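Single-letter residue listing:
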Amino acid sequence: MTNRAKNSTLKAVLEVILYDNPATQDEIADKLGLTRRYVTKLLQPLIKEGVVRRAYILDLKKFDEFSEMFDEEKTSREHAGTFLIKDMLRDMAKHICRQFDMSFEALLQYDSEMAEEALKLDYISNNMHEKVRSSVETVISINPYSEFSKTMVLGEVGYDLERIADHTCHIANFALEDSDPIDEEMMETLKSMYKTSRKMVNQSMEAFLDERLELKDKVMDYEERIHELQKKALNNIATQMAEDDVMDKDRSNYYLALSRVVKAFERIGDISIEIIDTAGEFYRNIPRTTTPERFRRMKP
């Protein structure tokens, strides 16, 4: 077994100890589908040094001293509690990007089955957010030496990711419910909005997870682009509505749903800005503004 695979299994074992409070190694083995002998082998050095205590409790403060065993570079705000939760956020971000990709591909292909699959992924997104939320509460309750506000930020990022997943559902729902084709010019604009907002999600999460705060300028440039595209798309919809000879209920609903798709890309971009602002506060104590990002753009 490779060192990476072994470390991944050990992280899973530690998560079970931290969140499920097992009484025996048999419980841990059953939970993960491992042999008790292998669980013992993984835990033996940690038990020896007091990082894991019987019946199975993880000493987060001592774990700090051993977390470099995972061969992962710590950021300036890393400690044992955040180390494990940030791993969850990394997995959640990958999953939600998959949901985003599938939702947009369903729209491109007018594929209702793919849209349904994308919507099913949202249940997993919600469960992942709940795991992050409960993990933050657990770490705060058993790790009083950590900074409360710093740990709470991890829960906020989990919530932001869950909101992004919700907005991708508008895209999937359009593919599921609206059969009228999108004209070529509009589709090209939507493709550009998708590519831009997708980059914003990736880079904002990279900034937060890996302390890449220098990415903020690039994300802000993408934000300007996304709003230019939004304006172009909404003007296109307004023009189509004005020129439409048949404006019945179905057509009205079509334009409304299409506007929701455009808005979804814009909101995904806004949330990405919120995440990268959160990274600045988390690592450098740069206060976030209390004004929502979309209102900061409004001129007096």
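Cut-offs used in this document
- Residues numbered from 1 in each chain as written.
- Predicted model: local features only at pLDDT ≥ 70, side-chain atom pairs only at ≥ 80, totals over all residues.
- Heavy atoms only, no water.
- Helix = DSSP H or I, 4+ residues; strand = E, 2+ residues; numbered from the N terminus.
- Phe/Tyr/Trp six-rings, centres within 6.5 Å; stacked < 30°, edge-to-face > 60°.
- Buried < 20%, exposed > 50% of the residue type's maximum accessible area, 1.4 Å probe, protein only.
- Salt bridge = Lys/Arg side-chain N within 4 Å of Asp/Glu carboxyl O.
- Expected span 1.5 Å × (residues − 1).
- Bend = angle between axes of the 7 residues up to and from the residue.

Under an unreviewed UniProt entry, the name given to the chain is Phosphate uptake regulator PhoU, and the organism recorded is Methanobacterium formicicum.

K.L.:
How would you summarise the environment of Glu188 if you had to cite specific residues and measurements?
P.N.:
Tracing the chain through its elements places Glu188 in helix α8 (residues 184–210). For Glu188 and Ala233, which are 45 residues apart along the polypeptide, the C-alpha to C-alpha distance reads 9.7 Å.

K.L.:
Now, about the packing of aromatic side chains: what can you tell me, with residues and values included?
P.N.:
Evaluation of the coordinates by the stated rule reveals nine aromatic pairs. Ring geometry for Phe208 versus Phe282: centroids 5.2 Å apart, planes at 45°, classification tilted. Taken together, the residues span a long stretch of sequence, with Phe208 in helix α8 and Phe282 in helix α10 (residues 249–284) at a distance of 74 residues. Taken individually, Phe208 and Phe282 each receive the classification buried, so the pair is uniform in this respect. For the ring pair Phe282 and Tyr283, a centre distance of 5.0 Å and an interplane angle of 90° mean the geometry is edge-to-face. You can call Phe282 buried: its relative accessible area is 1%. With a relative accessible area of 7%, Tyr283 lands in the buried category. Taken together, the ring pairs connect Phe100, Phe104, Tyr194 and Phe265 into an aromatic cluster.

K.L.:
An account of unusual backbone geometry is requested, with residue identities and associated values reported.
P.N.:
One non-glycine residue, Tyr110, lies in positive phi territory at about 50°. In this structure, Tyr110 sits in the loop between α5 (80–109) and α6 (112–142). A relative accessible area of 35% places Tyr110 in the partly exposed class. Even without being glycine, Glu211 reaches a positive phi, approximately 55°.

K.L.:
Can you tell me about the pattern of salt bridges, naming the residues and giving the values?
P.N.:
Applying the stated rule across the entire model yields 17 salt bridges. One salt bridge connects Asp101 with Arg198, and the closest N-O pair in it is separated by 2.7 Å. Of this pair, Asp101 sits in helix α5 while Arg198 sits in helix α8, placing them 97 residues apart in sequence. Two residues, Asp160 and Arg163, come together in a salt bridge whose shortest N-O distance is 2.7 Å. Placement of both Asp160 and Arg163 in helix α7 (residues 148–177) is noted, with a separation of three residues, approximately one turn of the helix.

K.L.:
Which residues make up helix α3 (residues 36–48), and what are the values?
P.N.:
Taking 1.5 Å per residue as the helical rise, α3 with its 13 residues ought to reach 18 Å, and the 17 Å between its terminal C-alpha atoms agrees with that figure. For α3, the principal kink sits at Leu42 and spans about 35°; a proline, Pro45, occurs within the next four residues. For α3, every residue scored as buried is listed here: Val39, Leu42, Leu43 and Leu46. One or two residues past the end of α3 sits Gly50, with phi positive at roughly 80°.

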